[in-house]
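Structural description and commentary
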Protein chains: 2
Amino acid sequence: MTHSDSGGTRLDPWLGSYASRAHNMRASEIRALFAVASRPEVVSLAGGMPYIGGLPLEEIGEMMRRLIVEHGETALQYGSGQGDENLREHITHVMALEGIRAHPDDVVVTTGSQQALDLVTTVFIDPGDVIVAEAPSYVGALGVFRAHEADVVHVPMDENGLIPVALASTLAGLKAEGRRVKFLYTVPNYHNPGGVTLSLERRPQILEICRRFGVLVLEDNPYGLLGFDREPLPAMRSMDAEGVIYLGSFSKTFAPGFRVGWAAAPHAVRDKLVLASESAILCPSNASQMAIASYLEHSDWQGQIKKFREQYRERRDAMIHALEEFIPEASWNVPDGGFYVWVKLPDGLDAKAMLPRAVTARVAYVPGTAFYFDGSGSNYMRLSYCYPTPERIREGVQRLAGVVEAEMETVRIFGPGAAGATKTVQFPSPDLA
Amino acid sequence: MTHSDSGGTRLDPWLGSYASRAHNMRASEIRALFAVASRPEVVSLAGGMPYIGGLPLEEIGEMMRRLIVEHGETALQYGSGQGDENLREHITHVMALEGIRAHPDDVVVTTGSQQALDLVTTVFIDPGDVIVAEAPSYVGALGVFRAHEADVVHVPMDENGLIPVALASTLAGLKAEGRRVKFLYTVPNYHNPGGVTLSLERRPQILEICRRFGVLVLEDNPYGLLGFDREPLPAMRSMDAEGVIYLGSFSKTFAPGFRVGWAAAPHAVRDKLVLASESAILCPSNASQMAIASYLEHSDWQGQIKKFREQYRERRDAMIHALEEFIPEASWNVPDGGFYVWVKLPDGLDAKAMLPRAVTARVAYVPGTAFYFDGSGSNYMRLSYCYPTPERIREGVQRLAGVVEAEMETVRIFGPGAAGATKTVQFPSPDLA
C-alpha cells in the first residue's frame, strides 16, 4: 500500500501533508538535553529541573490521599476551562507577594506556564508578526514563537536588565519599517538564561515605552520569589494591569510534576485565553490543581521557598567559586536569584561545537545559540546550578574546564576557525555522546 | 493611559492586536453548559461527564499516597515530552484490547485526548485546508478545527456509521474542486453525538477510500471499551498502522480529572506531535501519568470498566424508556455503548431556540447545531445519560417533554416560524437561565 497521492516518500508517507508551521518544528536543544541529563554519570548543568529533594514527601503523600478520599468526585472529574476557583483565589495571594492586586476572575490556570506562553502566542500571533524579546531569551519561549511563525527581534540587556533606550529605538525602527510588533516578551526577575534582574527604576520606563508604541507586555516570572538577598521586586503587572499579561508557575516554588502555571491578563484577553485553552485541552487537571491548592493551604509553603532559596544560594556559590578556580579565562555574571549563570567563553570558542566533547567528558550545558532566535550567541553557554549538589557542580565545572582548555589549545595552534570546524556535528542528536 | 496605537477601544485595548485565528474563537456551547450543569436543581443531559461515583476512592487515595512517598522525586519532577515510558507500555496493552499492535515508541501521552486533537491539527492544518468528518461530529473537535481555521466538510452516517459511498463521492468532489483534504476525523465507536458504531465490514472500506485519496485517518476512540453487549471491535488503526492516527483516553474508562490521553501515530508523525507538545506544554504531568500507571498496575481496571458498562446500560435504558413514555413524537437511535442519544425533534422545533426555556424548566441538553460546522442540525439535540442517576434521567426527560409540548403547541397555532422567532436569545450566555 502506498500513499503516493499525498506526495509522500517511503520514509514518511505524510510528508506532503504537514502544515507550513510544522516545518518550523525542530528538535529543541532542551529535548536532547533531557535525555543526556538523565544519565547518572553526566553532571548536567543544562536543564532547569528544580531541586525537589527537600520537599516533605510523607506530608504531600498523605495530603494527596486525603484529597482523593474526601474530594475524589471533584478531583477525578472534568473541571472548568479557566481553572479551579479556589486555586485561582490562592494564586491571587501568591501574586500579592509581588505587589499585584488581582481578582480570581483575572487568572487562567494552565498546564505549566509553558501552556500559558503557547496560549498567548496563539491568541496574538499571525505568521510574520514581530515579538520583541531580550537578547538572549528563554529557549522554550523562542520555540513557541517559532512554532507560530513569529519573527523575534532581540533587544540587549545589561546588568540592570532590558535597556530602555535600546527598546525604544528598536520599536521606533520597527515602526518605521512598518512591521507589526505584537508584544514584548520579558523575564524581569533572575532572567533565564541571563541571570540578571530588571531594576525597579527601569520597570515603569519599559512600561511607558510599550504603552507609547501600543505594545503589550508579556511578563514571564517563574523565579520572582527565588531571590537570595532581598524581598521580591514589584511585578510589572502591579504597575499596569491593562498593559501586561503576567505568567506565573508553581514549577520552581513547589514542584513541576503537577504542571500547574497560570496567566493573569486584562479581562478581554483573559476570555480569549480561556477559549484557546478549552480548544487545546478542555480544562486543566482538577487533581493537579487541587493538589496545589491543598499544599498552599496545609503546608508552610513560604517556609519551603525560603529553604529552596538557601539551597540555591549555596549552589550558586559553588558554581561561581568553581568557575573562578577552574575557568578564570571565561567571564560570567553573578546572579542574585534564580537558576542560571550566563558564561562568555574565551574568544574563538564555540559552545555548540564544543558540546559533544563536553558530554564525552561527562558534563552538559546549553549552548548560547539556543537562546537567540537567529542562532547567534555561539560564544556563550548557560550553566544551571539548580539541580546538582554543590559537590557535583564543582566536579562538573572542573570537567568543563578540561574541555575548555583543550579547545583553547586547538585555537592557539590552528586559529579561531579550527574549533568551529567541528560544527558539522549536528546538535541536538539523542546519541551525541 | 491609552493604547490607541493598537487600534483598541476602551473595552478591549488589545482588540486590534489579536491574531486572525482569534476571531474564530467563540464561547463553546459546552462551556456555558458546564456552568449550567453544575447547578444542582438542573438535570443536565448535556455534558459528557462520566459517572465516577463507582470508583474505589480509598484505594486510589492510598495509591496516590504511596506514589508520592515512594516515587515523589520522579512524580513531582519534569518528565519526557513524549510521556512516561512505563505508562506508554501500559497504553499498548490497553490498545491491544482492540487489536492494535503498537510499540511504546509509537505513543505520545497528552493532556487528555483533546490535546492530541489539538496537536494533530497543529501539525497538519494550514488555514483553508479541509477536514472531512461525520455529520454530526464531536463539538470539541469542531472547536479545534475552527481555531485552526480549517474548513470542515461533513459526510453522512447511517445506523452502521459513516457511509463509504458518501465518503468516496465527497472526496472525489473535493478533489475535482482542487481542495486540499488533510484528514478524515472519525469517532468509529459509539459516536459522539450520533451514538452509532461503524460496522466491522465498513472499516476496511473506509480505510481503502482514504488511502486512494491520500487522506490520513484520525480515529478518535474514547468510548471503544464501553460497549454494552459485545466485545470491542478491531480499531481502524489495527488494520492500517501507517494510515491512521489513533487517539485514546483514560477519561471515560477511569477518570478525566488526571487529564491523560494519548495518540498512537506513524513514526514520522509521532516525532512532529512530540515537538508540538513540547512547544505547547513542555511535558505532560508526571504525577498524573504515574497515577494512571499505578491504577492500571494495582487495580482491577477491567473489572471497573465492566461495572461502568453496566451502569451506563442501565442509564441508557432509563433514557430510552423515558423518551418512549414522555416524548413519543420525537425519534432517536438506541446506542449500544457510549454516552449519547441523538434525538430528532418533531418538525418545526428548533433545539437551540428552545434551550433557554428548557433550562428554565430545569433540564439541559446540547442543541444539534453545536455538532455541525455550518451550524445546521437545529432540529436535533444530544442527550447524554452518562452522569445523572436513572431517576434523574427520567425526571429530566419528563421536564423536557413539557417544554417540547409547549413548543409544539406554539408551532400548531402560529406555524413553524414561530418557535424560531426566539432565536434572538443569544446562546451561549452564562446567565441564560
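Residues numbered from 1 in each chain as written. Chains lettered and ligands numbered in written order. Predicted model: local features only at pLDDT ≥ 70, side-chain atom pairs only at ≥ 80, totals over all residues. Heavy atoms only, no water.

1. Description of the side chain of A:Gln289
Residues and elements named next belong to chain A. Note that Gln289 resides in helix 9 (residues 286-298). The class for Gln289 is buried, based on a relative accessible area of 1%. Non-local contacts of Gln289, meaning those with residues more than four positions away in its chain, are made with Gly83, Asp84, Leu87, Val109, Val260 and Pro284. (Helix = DSSP H or I, 4+ residues; strand = E, 2+ residues; numbered from the N terminus. Buried < 20%, exposed > 50% of the residue type's maximum accessible area, 1.4 Å probe, protein only. Contact = heavy atoms within 4.5 Å.)

2. Side note on the interface of chain A and chain B
Between chain A and chain B, the residue contacts involve 96 residues of the former and 96 residues of the latter. Each partner contributes to the roughly 7900 Å² buried at the junction of chain A and chain B, and carbon and sulfur atoms together form 61% of this total. When the buried area of chain A at its contact with chain B is split by residue, A:Trp14, A:Leu76 and A:Tyr78 rank highest and sum to 10% of it. Between the two partners, chain A and chain B, sit zero salt bridges. (Buried area = accessible area lost by both parts, 1.4 Å probe. Salt bridge = Lys/Arg side-chain N within 4 Å of Asp/Glu carboxyl O.)

3. Some words on the relation of the copies chain A and chain B
Placing chain A over chain B gives an RMSD of 0.0 Å and needs a rotation angle of 180°, together with 0.0 Å of translation along the axis. Within this description, the copies of the chain are treated as partners about a two-fold rotation axis. No C-alpha of chain A lies nearer the rotation axis than that of A:Arg65, which sits 2.6 Å from it. Looking at chain A, 100% of its interface residues are interface residues in chain B too, so the copies touch through the same face. (Least-squares fit on C-alpha atoms with pLDDT ≥ 70 in both.)

4. Remarks on helix 9 (residues 286-298) of chain B
The end-to-end C-alpha distance of helix 9 of chain B is 18 Å, a good match for the 18 Å that 13 residues give at a rise of 1.5 Å each. Buried residues dominate helix 9 of chain B, accounting for eleven of its 13 residues. Those residues of helix 9 of chain B that sit buried are B:Asn286, B:Ala287, B:Ser288, B:Gln289, B:Met290, B:Ala291, B:Ile292, B:Ala293, B:Ser294, B:Tyr295 and B:Leu296. Those residues of helix 9 of chain B that are buried are in contact with helix 9 of chain A together with helix 2 (57-75), helix 3 (85-96), strand 2 (107-111), strand 9 (260-264) and helix 10 (301-326) of chain B. Among the residues of helix 9 of chain B, the N-terminal cap falls to B:Ser285, whose side-chain oxygen and the backbone nitrogen of B:Ala287 are separated by 3.3 Å. (Expected span 1.5 Å × (residues − 1). Polar contact = N/O pair within 3.5 Å; in protein donor to acceptor, adjacent residues only side chain to side chain.)

5. Observations concerning the packing of aromatic side chains
Across all of its chains, the model carries 28 aromatic pairs over all chains by this definition. Through successive ring pairs, a cluster of aromatic residues spans A:Tyr223, A:Phe308, A:Tyr312, A:Phe339 and A:Tyr340. Here the guanidinium or amino end of B:Lys272 rests over the ring plane of A:Tyr18, the centre of that ring lying 5.2 Å away. (Phe/Tyr/Trp six-rings, centres within 6.5 Å; stacked < 30°, edge-to-face > 60°. Lys NZ or Arg CZ within 6 Å of the ring centre and 35° of its normal.)

6. Quick notes on the nonpolar core
Ranked by internal contacts, the top residues of the largest apolar core, which has 206 residues, are A:Phe124, A:Phe145 and A:Tyr185. Once residues within four sequence positions are removed from consideration, A:Phe145 is found in contact with A:Leu117, A:Thr121, A:Ile131, A:Ala150, A:Val152, A:Phe183 and A:Tyr185. Listed in part, the 50 residues of the second largest apolar core include B:Ala116, B:Leu119, B:Leu218 and B:Val274. (Core = buried A, V, L, I, M, F, W, Y, C linked by side-chain atoms within 4.5 Å.)

7. Considering the sheet that holds strand 5 (residues 161-162) of chain A
Where strands meet in a sheet, backbone hydrogen bonds hold them as pairs that are either parallel or antiparallel. Residues and elements named next belong to chain A. Reading across from one edge, 2-9-8-7-6-3-4-5 is the order of the eight strands in this open sheet, with mixed pairing throughout. Every interior strand has two partners, whereas the edge strands, strand 2 (107-111) and strand 5, have only one. Here strand 7 (residues 216-220) pairs with strand 8 (residues 244-249) via four bridges, running parallel. Looking at the pairing, Val217 lines up with Val244 of strand 8. Its contacts with the sheet put helix 6 (residues 164-176) on strand 3 (130-135), strand 4 (151-158), strand 5 and strand 6 (181-186), and the angle it makes with strand 4 is roughly 155°. (Pairing = 2+ DSSP bridges. Axes fitted to C-alpha atoms, helices over the stretch in contact; angles between N-to-C directions.)

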